[in-house]
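# Reading the structure
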Amino acid sequence: MEDPSREEAAMLLVQELAGDVPERYVIQVEDRPRAGAPVAPIPVIDLGLLSRQHTAEGVEELARLRSALESWGTFLVTNHGVEPSVMDAMWSAARDFFQRPIQEKKKYADLDEIKHYDDYHEGYGTKQVKSPQQTSLEWSDRLLLQVEPQDQRKLHLWPQSLRDILLEFSVQQQCGLLTNGLLPAMATLLGLRKDYFTGLLRGGRNTTFARINYYPMCQRPDLVCGVKPHSDATLISVLMVDENVDGLQILIDDIWYHVPTASSKGHPHALLVLVGDVVEIISNGVFKSPVHRAMTNAQKERMSVVMFYGPDLDKEIGPAEELTDDSRPARYKKVKGVDYLPAQYEHASRGERALDTLRI
Ligand SMILES: O=C(O)CCC(=O)C(=O)O
Ligand SMILES: [Fe+2]
């Protein structure tokens, strides 16, 4: 039987709300943002230097990367191989889409899937709402598209204006930032084969999702959350966030820190990297997948373009054998993405962390 409430709920667009914040969006008192969050001291890593390990600068940069991976799990990267013109075109296409009238955007909502899926649906809309009574809803609309594997693309949900640029943006990130830059350095730092992580993004069944998040202005940003606390279920997430509006925060030792924008660090075309749960698991907890959330703003809307890169969903992931022995027992259970992804959605919708369920 059809469940109209679920369908309606998934299309409860935040952009259509005006005036006071409805009760269903108000988060618990203990989860509300406090004024004056400190700024996270995240580094800017020059990926160009990482391949120059015979130089003092290269060695120093690798040490800075290690420190970021072991502490905050997030950093900005420059010299990442994504052309500034491609970044700008991706941003414009994303912004132009969200500036279209709502009726126009709704053409990219996957109403059939919304009826069948419990966990997530692609296309335009809001995060799946499980019941008409659900509270603490997130103050954001989004466009979610699966990019890889290629045969999983639902191209009817891809606005024409975004198609070519999204593919180019993703290919340049994979070739430059990930394969030729960051991932071999991360494997080296752990003492793993250089192609350990890049191998997980090859073979044609690796998964890439793109999510464009849109956070409408909110009269009471102190009462709502744009995206609730979670860590990403990915190998790596790469973010291009609004230059002019803060919103992303990360949790370290029970304190929420603002993540500075690339522009505020003097590198407008830097990209932001968040280590994902898959890396935390494989590294047996040495590298950290940070808990983060997105807050809203009373004066300005905000956007982010997030690329989620992960392995084949049928591949079992666990701590690397090279990194575990009697003195370093495995700290996480093995899991397949196909089981972990729904669990991550479920936990994230409650502002909790699925990774905690895998700890041994
Ligand atoms: O909008 C942001 O800055 C972060 C969004 C996010 O964490 C996500 O989409 O997983
Ligand atoms: Fe995230």
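Note: the structure precedes this text.
Report on the accompanying structure.

The rules behind these values
- Within each chain, residues carry numbers counting from 1 in the order of the written sequence.
- Note on labels: chains are lettered from A, ligands numbered from 1, in written order.
- For a predicted model such as this one, the threshold for reporting local features is a pLDDT of at least 70, and the threshold for listing and counting side-chain atom pairs is 80 or more; totals across whole chains, interfaces and linings nevertheless cover every residue.
- To obtain the side-chain values, all non-hydrogen atoms of the structure were used and water was disregarded.
- Metal donors: N, O and S atoms at distances within 2.8 Å, or within 3.2 Å for Na, K and Ca, with water omitted from the atom set so that some sites may seem incomplete.
- Here a strand is any run of E in DSSP of at least two residues, a helix any run of H or I of at least four, and the numbering for each starts at the N terminus.
- Buried residues are those whose accessible area, probed at 1.4 Å on protein chains only, stays under 20% of the maximum for their type, while exposed residues exceed 50% and partly exposed ones sit between those limits.
- Centres within 6.5 Å make a pair out of two Phe, Tyr or Trp rings, where for Trp the six-membered ring is used; the pair is then stacked when the planes are under 30 degrees apart, edge-to-face when over 60, and tilted otherwise.
- Summary of the distance rule: residues count as near a molecule or strand when at least one heavy atom falls within 4 Å of that molecule or strand.
- N or O atoms within 3.5 Å of each other form a polar contact, as long as, within protein, one can give a hydrogen and the other can take it, and as long as residues adjacent in sequence are counted only when both atoms are side-chain atoms.
- In short, Shrake-Rupley with a 1.4 Å probe defines the accessible areas, and a residue's cover is counted only from the protein chains shown.
- Residues are grouped as follows: nonpolar covers Ala, Val, Leu, Ile, Met, Phe, Trp, Tyr, Cys and Pro; charged covers Asp, Glu, Lys and Arg; every other residue, Gly included, is treated as polar.
- In this analysis, strands are considered paired if DSSP registers two or more bridges between them.
- Here, axes are lines fitted to C-alpha atoms. For helices the fit covers the stretch in contact, and angles between N-to-C directions go from 0 to 180 degrees.

### Concerning the coordination of the iron ion (ligand 2)
In an ideal tetrahedron of four donors about a metal, each angle is 109.5 degrees. In an ideal octahedron of six donors, the angles are 90 or 180 degrees. Ligation of the iron ion (ligand 2) by protein atoms is provided by His 230 (NE2), Asp 232 (OD) and His 292 (NE2), these donors lying 2.1 to 2.3 Å from the ion. Sequence spacing among the residues donating to the iron ion (ligand 2) works out to H-x1-D-x59-H. On the criterion of sequence distance, the pair formed by Asp 232 in the loop between strand S6 (227–230) and strand S7 (236–241) and His 292 in strand S11 (residues 291–294) is long-range, its members being 60 residues apart. His 292 shares its class with Asp 232; the two are buried.

### A word on the packing of aromatic side chains
Applying the stated criterion across every chain, the model contains eight aromatic pairs. Ring geometry for Phe 97 versus Phe 98: centroids 5.2 Å apart, planes at 85°, classification edge-to-face. For Phe 98, a relative accessible area of 3% corresponds to the buried category. Ring geometry for Tyr 196 and Phe 197: centres 5.7 Å apart, planes at 75°, overall edge-to-face. For Tyr 196, a relative accessible area of 18% corresponds to the buried category. Through pairs of rings, three or more aromatic residues link up here, namely Phe 97, Phe 98, Tyr 108, Tyr 124 and Tyr 214.

### A look at the site of ligand 1
Near ligand 1 lie 13 residues; those nearest to it are Arg 211, Tyr 215, His 292, Arg 302 and Ser 304. At 3.0 Å, a side-chain N or O of Asn 213 approaches an oxygen atom of ligand 1. Interatomic distance of 3.0 Å between a side-chain N/O atom of His 292 and an oxygen atom of ligand 1. When the free accessible area of ligand 1 is taken as 300 Å², the share hidden by the protein chains comes to 100%. When residues of the shell around ligand 1 are traced back to their parent elements, those giving at least two are strand S5 (207–215), S7 and strand S12 (302–310). Looking at the shell around ligand 1, the element that brings in the most residues is S12, giving four residues. For the shell around ligand 1, a count of residues per class yields six nonpolar, four polar and three charged.

### Topic: the sheet that holds strand S8 (residues 248–252)
Spatial strand order, S6-S11-S8-S9: four strands in an open sheet with antiparallel pairing. Among the strands making up the open sheet, the edge pair consists of S6 and strand S9 (255–258). Direction aside, the axes of adjacent strands within the sheet are offset by 25° on average. Relative to S9, S8 is paired through four bridges, and the arrangement is antiparallel. Looking at the pairing, Ile 250 lines up with Tyr 257 of S9.

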